[in-house]
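# An overview of the molecular structure
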There are 2 protein chains.
Amino acid sequence: MRNVTKDNITDVFKSYMAADMPPRTRELLEGLVEHMHDFAREKNLTHEEWRQGIAFLEGCAAIETEDRHEFVLASDVLGLSSLVDMLHSDPASTSSSVLGPFHVSGAPPLAVGGDMKHDFGGPILLAEGVIRDTDGNPIPNAEIDIWQTAPNGLYASQDDDQDTFSFHGVMKVGADGRYAFTTAKPAEYTVPSDGPVGAILNACGRHPWRPSHLHYIVKAEGFRTLVTEVFPEDDPYLDQDTVFGVRDDLVMRYVEKRADEFPDGMALSGKVQERFLHVNFDVTLAQD
Amino acid sequence: MRNVTKDNITDVFKSYMAADMPPRTRELLEGLVEHMHDFAREKNLTHEEWRQGIAFLEGCAAIETEDRHEFVLASDVLGLSSLVDMLHSDPASTSSSVLGPFHVSGAPPLAVGGDMKHDFGGPILLAEGVIRDTDGNPIPNAEIDIWQTAPNGLYASQDDDQDTFSFHGVMKVGADGRYAFTTAKPAEYTVPSDGPVGAILNACGRHPWRPSHLHYIVKAEGFRTLVTEVFPEDDPYLDQDTVFGVRDDLVMRYVEKRADEFPDGMALSGKVQERFLHVNFDVTLAQD
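The structure presented is a predicted model; accordingly, all values stated were derived computationally and were not measured.

## Some details on the UniProt feature "domain: Intradiol ring-cleavage dioxygenases" (unreviewed entry) in chain A
UniProt tags residues 116–285 of chain A as "domain: Intradiol ring-cleavage dioxygenases" (unreviewed entry). As annotated, residues 116–285 of chain A comprises 5% helix and 34% strand, and the C-alpha atoms at either end are separated by 24 Å.

## Quick notes on the interface of chain B and chain A
Interfaces are often sized by the amount of accessible area the parts lose when they come together. Across the boundary between the two partners, chain B contributes 74 residues, which contact 74 residues of chain A. Here chain B and chain A share an interface that buries about 6800 Å² over both sides, 68% of which is from carbon and sulfur atoms. Linking chain B with chain A are 2 salt bridges. Where B:Arg24 meets A:Glu49, a salt bridge forms, and the shortest distance between an N and an O atom there is 2.7 Å. The interface formed by chain B and chain A includes 25 residue pairs in polar contact (both at pLDDT 80 or more). Elements represented by at least two residues in the side of chain B that touches chain A include exactly helix H1 (9–15), helix H2 (23–43), helix H3 (47–63), helix H4 (70–77), helix H5 (80–87) and helix H6 (196–203) of chain B. Here the side of chain B that touches chain A takes 17 residues from H2(B), the largest share from any one element. Residue composition of the side of chain B that touches chain A, by class: 38 nonpolar, 18 polar and 18 charged.

## Some details on the packing of aromatic side chains
The tally for this structure, following the rule as stated, stands at 21 aromatic pairs over all chains. Centre to centre, the rings of B:Tyr179 and B:Tyr216 are 5.5 Å apart; their planes meet at 75 degrees, and the pair counts as edge-to-face. Remark: B:Tyr216 occurs in strand S8 (residues 214–219) and B:Tyr179 occurs in strand S5 (residues 178–184); sequence separation between them is 37 residues. Summarising the burial analysis for this pair, B:Tyr179 and B:Tyr216 share the class buried. Ring-pair connections join several aromatic residues into one group, and the members of that group are A:Phe13, A:Tyr16 and B:Phe244.

## Details of the relation of the copies chain B and chain A
Structural alignment of chain B on chain A gives an RMSD of 0.0 Å, achieved by rotating through 180 degrees and translating 0.0 Å along the axis. What the rotation and shift describe, once combined, is the action of a two-fold rotation axis. Minimal C-alpha separation from the rotation axis in chain B is found for B:Ala61, amounting to 2.2 Å. Both copies present the same face, since 100% of the interface residues in chain B are matched by interface residues at the equivalent positions in chain A.

## Description of the packing of helix H4 (residues 70–77) of chain A against helix H6 (residues 196–203) of chain A
Residue and element names in this part refer to chain A. The N-to-C vectors of H4 and H6 enclose an angle of 25 degrees; their axes lie 9 Å apart at closest approach. Overall, the two elements H4 and H6 adopt an arrangement that is roughly parallel. Contacts from Glu70, Leu73, Ala74 and Val77 of H4 reach H6 at Pro196, Val197, Gly198 and Leu201. Here the contact of H4 with H6 is composed, by residue class, of 6 nonpolar, 1 polar and 1 charged.

## As for H3(B)
Residues and elements named next belong to chain B. Between its terminal C-alpha atoms H3 stretches 24 Å, which fits the 24 Å expected from 17 residues at 1.5 Å a residue. Residues Glu49, Trp50, Ile54, Cys60 and Ala61 constitute the buried set of H3. The buried residues of H3 all sit within an arc of 145 degrees when viewed along its axis, so they share a single face.

## Things to note about the sheet that holds strand S4 (residues 168–172) of chain B
Residue and element names in this part refer to chain B. The mixed open sheet is built from 5 strands, whose spatial order is S4-S3-S8-S9-S10. Of all the strands in the sheet, the pair left with one neighbour each is S4 and strand S10 (251–252). Examined bridge by bridge, strand S3 (residues 143–147) and S8 share 5 bridges and lie antiparallel to one another. Across the sheet, the residue bridging to isoleucine 144 is valine 218, located in S8.

## Considerations on the layout of surface pockets
Its volume calculated, the largest pocket comes out at about 2000 Å³. Lining the largest pocket are 49 residues, with A:Met36, A:Leu57, B:Leu32, B:Met36 and B:Leu57 positioned closest to its centre. Ranked by residues supplied to the lining of the largest pocket, first place goes to H2(B) with 8 residues.

## Considering the domain arrangement of chain A
All names here are of chain A. Split by domain assignment, chain A resolves into domain 1 (9–80) and domain 2 (92–284). The gap between the C-alpha centroids of domain 1 and domain 2 is 34 Å. Domain 1 puts 12 residues into the contact, and the matching count from domain 2 is 13 residues. Contact between domain 1 and domain 2 buries roughly 1000 Å² in total, counting both sides, with carbon and sulfur atoms accounting for 75%. The interface formed by domain 1 and domain 2 includes 1 salt bridge. Of all elements in the fold, only helix H3 (47–63) and H4 reach the threshold of two or more residues within the side of domain 1 that touches domain 2. With 5 residues, H4 is the largest single contributor of residues to the side of domain 1 that touches domain 2. Of the residues assigned to the side of domain 1 that touches domain 2, the class counts are 7 nonpolar, 2 polar and 3 charged.

What counts and how
Residues numbered from 1 in each chain as written. Chains lettered and ligands numbered in written order. Predicted model: local features only at pLDDT ≥ 70, side-chain atom pairs only at ≥ 80, totals over all residues. Heavy atoms only, no water. UniProt positions renumbered as here; feature names shortened; annotations may be inferred. Helix = DSSP H or I, 4+ residues; strand = E, 2+ residues; numbered from the N terminus. Contact = heavy atoms within 4.5 Å. Buried area = accessible area lost by both parts, 1.4 Å probe. Salt bridge = Lys/Arg side-chain N within 4 Å of Asp/Glu carboxyl O. Polar contact = N/O pair within 3.5 Å; in protein donor to acceptor, adjacent residues only side chain to side chain. Nonpolar A, V, L, I, M, F, W, Y, C, P; charged D, E, K, R; others polar. Phe/Tyr/Trp six-rings, centres within 6.5 Å; stacked < 30°, edge-to-face > 60°. Buried < 20%, exposed > 50% of the residue type's maximum accessible area, 1.4 Å probe, protein only. Least-squares fit on C-alpha atoms with pLDDT ≥ 70 in both. Axes fitted to C-alpha atoms, helices over the stretch in contact; angles between N-to-C directions. Parallel < 35°, antiparallel > 145°, perpendicular 65-115°, else oblique. Expected span 1.5 Å × (residues − 1). Arc of directions from axis to C-beta. Pairing = 2+ DSSP bridges. 1 Å grid on protein atoms, 1.4 Å probe; cavity = no way out; pocket = protein on both sides within 12 Å on 5 of 7 lines; lining within 4 Å. Points joined across faces, edges and corners; volume = space filled by probe spheres on them. Domains from an automatic or database assignment.

Okay, here's the thing in structure tokens:
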């Protein structure tokens, strides 16, 4: 194989691999290099374009910190993160969607009917639903981990004016599988666009916006854990989520209601304004 | 496009691009994302494997410095750097090969017949040849920028015991197009293998060795600049260069000669040992 050519280099790469290497590692590296080489051959990639690609990776490296995950963001805006989600989403369950970088472990417990809005402004949103199995039966004792932005479009970890677990809570549901909480309506927001990934969005004439959403991780014994997010149908960015997170079955509808329709026993009852928003969104978990 | 699926996400990505973006940028990003998505779909890439990929990039980022170019090294050992070289190598000229990270600008002039070996040990190598056009005519006043490892396998920039321009020189040839210099025989060496790229080589059961070589950049007015390297035919790593740099026409032959065959007028004449190595390697440049 001393005479490496543009036509045999992919095979030469494969010939360098040991016979006894782990089969899945071989499969992934072979596939990765086949696609990388085909890309370069098909597009006749120039030295200058190759240098721009290296400069992109080095630019991501320069900005990467514990709080700024530019490589993950690149995967997100190129659709790879969502594609991996969809490849492993169980068709029998509610669709999964991107975890994103803002989940924090150890959020405080939130009782069924509890409140995450506290004294934040904006409309009250009452979100509720039932966690069900694929036959439609409620799953008792399921757990739902909830997080979202404040009305200013910032997550707690991005915002010095919020406590660590502001708009984060973990709810254990009862025998009826029902979750319910009051909160502030989440806001649409932009992904970080001041780095190399922002430059790519810019070059494509793309915006950095995500539609507003609630994040859920739903768990129950004997069921597959579901990482997902739900989106209001009237969000202006619903059709162009910059990280490709929207699925038909994750679109929900906020219904405006009057204060006298507010259910008893909710933590915020005493503070309900003239109008509030209500959404009913059931979640289906597939068996493990 | 609100319902993004694993089958339409590549088209959704394309639909996000502005109509007036630069056509070549569009072509490259579309090709990149098509291959990235096809790779994930074909291999059914899992979340854990995706995380390993992100960890690889973050690991490269953590080790990247001005002197350690881990992303370039990744491109090198995956064959991408050599493939880009070959795609743009002129078939009428001597083949190009990888520039590598050890070229330094501003090396001192080296006269035709000059010496780069100085007091380093090991066999003397006398390298010479003629720089020709594609009709075989010598190119007067061509310039050849030469660099290589010391006999210990280290380039000057890697080795505290060498001066900045040790084993680096730039030669202007005369009307006969002939270059000639004495040097120490270069040594085979390993690419850096203590980082994430080394872990990939390891996983593949691959070694990090490159065959020994001389680097040349050859320039002449009216001709395409050639970046290349030449390899001795008896090097143990010739058939398995870890960065895929070897081409048939870049393989040369060291011939062992006796001291009394050493040509007059070479800078090292007075120091020639009983035996020396001789190589004749002509270089062909294509017109610009």
